[in-house]
Amino acid sequence: MNTVDLAATGVRELNRRLRHASDDPSALSWLVTNPKGAHAIAAGLTRPVRIQIDGHVGYYCAGMNQAAAVTIDGHCGTGVAENIMSGLVRVRGNASQSAGASGHGGLLVIEGNAGPRCGISMKGVDIVVGGKAGHMSGFMAQSGNLVVCGDAGHDLGDSVYEAVIYVGGSPASLGADCVEKDMTPKHRSRLRGLLSRAGIEIDPERFRRFGSARKLYHFHVDHADAY
Amino acid sequence: MGAVDSGRLRPSHTFPAHVLAEIHRAADEGVYEIRGFGTKRPLPGFDDLVFLGASMSRYPLEGYRERCDTGVTLGTRFASKPVHLKIPITIAGMSFGALGANAKEAIGRACTAMGTSSTTGDGGMTEEERQSSETLVYQVLPSRYGMNPDDLRRSDAIEIVVGQGAKPGGGGVLLGQKITERVARMRDLPEGIDQRSACRHPDWTGPDDLAIKIQELREITGWEKPIYVKIGASRPTYDAALAVKAGADVIVLDGMQGGTAATQDVFIENVGIPTLPALRQAVEALQALDVHREVQLIVSGGIRSGADVAKALALGADAVSIGSAAMVALGCNKAVHVEDYQAIGTEPGYCHHCHTGRCPVGVTTQDPELEARLRPEQGARWLRNYLTAMVLELQTIARANGKSHVLNLEPEDLAALTVEAAAMAGIPLAGTDWIPGRG
Ligand SMILES: Cc1cc2nc3c(=O)[nH]c(=O)nc-3n(C[C@H](O)[C@H](O)[C@H](O)COP(=O)(O)O)c2cc1C
Ligand code: SF4
């Protein structure tokens, strides 16, 4: 285990070291202490390193992650794991807005609550939120799965494309073109798989499924009030 | 009934033919018009300025014999690997999806031959364009279609798009007929749908966030790449200053004349300010912060000739960028395949139908048959010739004004032909020392 104390070493140096971590097994496991809300911690990783961050982080922690497994033992600022491509990012606390924004792959787990616009513009990532998710979550979500174990805020899934949204509690309201869909056995089993990958124990039977009504896929005069 | 006396047929100034036709269309369809190309209405522009040339007090340089350099370096502020261009004319971001792969490849080849840069667009980077372009600028757009850290790292510069001159405050539109299987795959969208891309970035809003976003992109790319911030011309005084504050290396300013592949006509014609005043305001903002030339300024929107480039540089730009004019060099609006222009309801010279995906000359289409009309080698040759001619024009003007480098052109070399242009560009009206608004 390599320990980097961010009180003594800047983010730039930390990220440089993480990017250059070698295949040597001793370089694959890292502990980061004193993050104190710094931005872009562990952003742009490309290797299967394991990183544990002890404390709260600022914006874009683990941004564009590829292959790495990053655990944040604290809360995080805007855009955690934004544009994640692969690997696993786990937030033990709460995540601020735009968590997993435009993520293309991999898994983001937020054990606490997520702020607004969680999974905005997502493109293939799987996101599991243990608690609640804020308003406009799943906005323009294109593909992938967004699982919210608690309640979801207003305008859930506004303008959603082909992403699938599961909610264990209830959404305050649905956004434009987002509708409730049948929870088929196939979806139930997918959800079970997502929850088990996320390590979150909750009964999948509680969940409802939401997705696109596909009415905004083509401009049409009779849907003008939704544009 | 006798023949109508044509002298009695008085057209309405308020309702000319194109306005009548648009009302009829809106009544039929119930939706705004979406189209390509840029503004069509008359606007104050570079044509309203002239160079003074040399005289007793300024010596000209000899054409062909005395050097007039054209090289520029972009991204000297924070990036460890700035971009060096041989000419100050770059090709603007035009998405794969809007353009076909052949057009993209032709642009890449021409830019490489000329020693300048091309730019990706809303839809990600294609292998063809990375291979054909020696210097490639990678756009980070609100939609984040195809956004990929590997492409970010193999780019030569990064351009964060805040806005575009054709639609400051608007997101992209790509109509279903252009979302082919490949385009859909690159964007993670279903095939054939009308795609409305976002107008705001998903993970930041405002200049304070932008500073942190720029920091993240620098971390991901090892602080090597110049970071450009592209803004549509709306409030350049503030936007340029805020981009500087956020840590941009380069500002790309796109005036209202800027082209587009598909935008609401009402947006193209009515939102934003022309390139001329926007350029002056941005330069003044950079000067006020004492970073003019340290943060480079690339200007676009209606640049067509070496004279336009020279005027933009004289007003304080470090380089220009062209979109529409590059398409025209590739054959856009050329009088060939006339029946195919007619099939989409237009004629050569009037076409703005990029949104249809039925481009008669194979530039803005994904249709294999139409696309085959633009061979990449031929397109590259045309664009290269056009860029060469522009550079020669630019040098001709610079030498005539006694400049051994095109970046030495200055506002003092210019005069304005109209009161409007004088006020907007901050250049005295020809034959006077009067700049409206300045006493
Ligand atoms: C076909 C086409 C596609 C475009 N696509 C993009 C794009 O993806 N991203 C972007 O920032 N600007 C886009 N633009 C705008 C150009 O980058 C540029 O701002 C504009 O074309 C410059 O003005 P000009 O056309 O008068 O030269 C596009 C323009 C055209 C004509
Ligand atoms: S000729 Fe092609 S590129 Fe030019 S305006 Fe028409 S459709 Fe667009």
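**Student:** Could you clarify how one ought to interpret the packing of helix α10 (residues 306-314) of chain B against helix α14 (residues 376-400) of chain B in this entry?
**Tutor:** Packed helix pairs are specified by the crossing angle of their axes together with the interaxial distance, meaning the distance between the axes. Residue and element names in this part refer to chain B. In contact at an axis separation of 7 Å, α10 and α14 are set at 50 degrees when each is read in the N-to-C sense. Accordingly, the angle class assigned to the pair α10 and α14 is oblique. With respect to the hand of their crossing, α10 and α14 are arranged in right-handed fashion. Judged by residue contacts, Gly306, Ala307, Val309, Ala310 and Leu313 of α10 engage Met390, Glu393, Leu394 and Ile397 from α14. A class-by-class count of the residues in the contact of α10 with α14 yields seven nonpolar, one polar and one charged.

**Student:** I tried to follow the site of ligand 1 on my own but got confused; where do I start?
**Tutor:** Residue and element names in this part refer to chain B. Neighbouring ligand 1 are 24 residues, the closest being Gly93, Asp254, Gly302, Gly323 and Ser324. In the environment of ligand 1, an oxygen atom lies 3.5 Å from a nitrogen or oxygen atom belonging to the backbone of Ser95. At 2.8 Å, a side-chain N or O of Lys230 approaches an oxygen atom of ligand 1. Computed on the free molecule, ligand 1 has an accessible area of 600 Å², of which 98% lies beneath the protein chains in the complex. Looking at the shell around ligand 1, its residues break down into seven nonpolar, 14 polar and three charged.

**Student:** Please clarify how the pairing of strand β9 (residues 164-167) of chain A should be interpreted in this entry.
**Tutor:** Residues in a regular strand point their side chains to alternate faces of the sheet. Residue and element names in this part refer to chain A. Of the two faces of β9, the one holding Val164 and Tyr166 and the one holding Ile165 and Val167 are both buried throughout. Alignment of strand β8 (residues 143-148) against β9, held across four bridges, turns out to be parallel. Bridged to Asn145 within β9 is Val164.

**Student:** What exactly am I supposed to notice about the confidence of the model for chain B here?
**Tutor:** Caution applies to low-pLDDT regions: their predicted coordinates should not be interpreted in detail. Mean pLDDT over chain B: 96, with 100% of residues reaching 70 or higher. If you check the scores for this complex, the pTM reads 0.97 and the ipTM reads 0.96.

**Student:** Explain α10(B) to me, please; I cannot follow it from the model alone.
**Tutor:** In an α-helix there are 3.6 residues to a turn, and that puts residues three or four apart on one side. Residue and element names in this part refer to chain B. Of all nine residues that make up α10, eight are buried, and the element is covered over most of its length. Gly306, Asp308, Val309, Ala310, Lys311, Ala312, Leu313 and Ala314 are the residues of α10 that are buried. Structurally, α10 contributes buried residues whose contacts are with β2 (49-51), β5 (89-91), α9 (275-288), β15 (319-322), α14 and β16 (414-416). Following α10 by one or two positions, Gly316 adopts a phi angle in the positive range, close to 120 degrees.

Each value, and the rule that gives it
- Residues numbered from 1 in each chain as written.
- Chains lettered and ligands numbered in written order.
- Predicted model: local features only at pLDDT ≥ 70, side-chain atom pairs only at ≥ 80, totals over all residues.
- Heavy atoms only, no water.
- Axes fitted to C-alpha atoms, helices over the stretch in contact; angles between N-to-C directions.
- Helix = DSSP H or I, 4+ residues; strand = E, 2+ residues; numbered from the N terminus.
- Parallel < 35°, antiparallel > 145°, perpendicular 65-115°, else oblique.
- Left-handed = near helix turned anticlockwise from the far one by under 90°.
- Contact = heavy atoms within 4.5 Å.
- Nonpolar A, V, L, I, M, F, W, Y, C, P; charged D, E, K, R; others polar.
- Near = heavy atom within 4 Å.
- Polar contact = N/O pair within 3.5 Å; in protein donor to acceptor, adjacent residues only side chain to side chain.
- Areas by Shrake-Rupley, 256 points an atom, 1.4 Å probe, with all protein chains shown as cover.
- Buried < 20%, exposed > 50% of the residue type's maximum accessible area, 1.4 Å probe, protein only.
- Pairing = 2+ DSSP bridges.
- pLDDT = per-residue confidence, 0-100.

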